[in-house]
Amino acid sequence: MSAYMIISVTPEDAERMTAYEAQTLEVVARFGGRPVARDTNPLVLESDHKPAIAVVLEFPDKQAILDFYHSPEYAPLKEFRHTFARASALVMDADIA
């Protein structure tokens, strides 16, 4: 069963965001993840915050997402992102029973 990481990001610096995304996707792939969707004009239904970018990443399972998120490979990228962007993420199983 797959798991998904749904991310909303509002960067203050487009160049740094581009660099972050390129490097992060390499690390995502090492943990079995892949990008599924990216939208620079997401529709927000129940929030006052409208992110500039919405991203969906697919991983084999929630543990793979946790391994990626807490990995030494991603740590410097996460720290870098904190310097120029506000973000939030939601993790969910693809269980449709």
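Draft legend 1. Inspection of the pairing of strand β1 (residues 3-11) at higher detail. Across 7 bridges, β1 lies against strand β3 (residues 53-59) in antiparallel orientation. Paired with Ala3 across the two strands is Phe59, which belongs to β3.

Draft legend 2. Summary view of the environment of Pro60. You can see Pro60 is positioned in the loop between β3 and α2 (62-69). Pro60 sits in the partly exposed class, given a relative accessible area of 41%.

Draft legend 3. Highlighting the pattern of salt bridges. Tallied over the full model, the rule gives 3 salt bridges. In this structure, Glu21 engages Arg38 in a salt bridge whose closest nitrogen and oxygen atoms are separated by 2.9 Å. Taken together, the residues span a long stretch of sequence, with Glu21 in helix α1 (residues 14-30) and Arg38 in strand β2 (residues 34-39) at a distance of 17 residues. Using a relative accessible area of 17% as the deciding quantity, one classes Glu21 as buried. The closest approach of N and O atoms between Arg34 and Glu58, which form a salt bridge, is 2.8 Å. Separated by 24 residues along the polypeptide, Arg34 in strand β2 and Glu58 in strand β3 bring together distant segments of the chain.

What counts, and where the lines are drawn
- Residues numbered from 1 in each chain as written.
- Predicted model: local features only at pLDDT ≥ 70, side-chain atom pairs only at ≥ 80, totals over all residues.
- Heavy atoms only, no water.
- Pairing = 2+ DSSP bridges.
- Helix = DSSP H or I, 4+ residues; strand = E, 2+ residues; numbered from the N terminus.
- Buried < 20%, exposed > 50% of the residue type's maximum accessible area, 1.4 Å probe, protein only.
- Salt bridge = Lys/Arg side-chain N within 4 Å of Asp/Glu carboxyl O.

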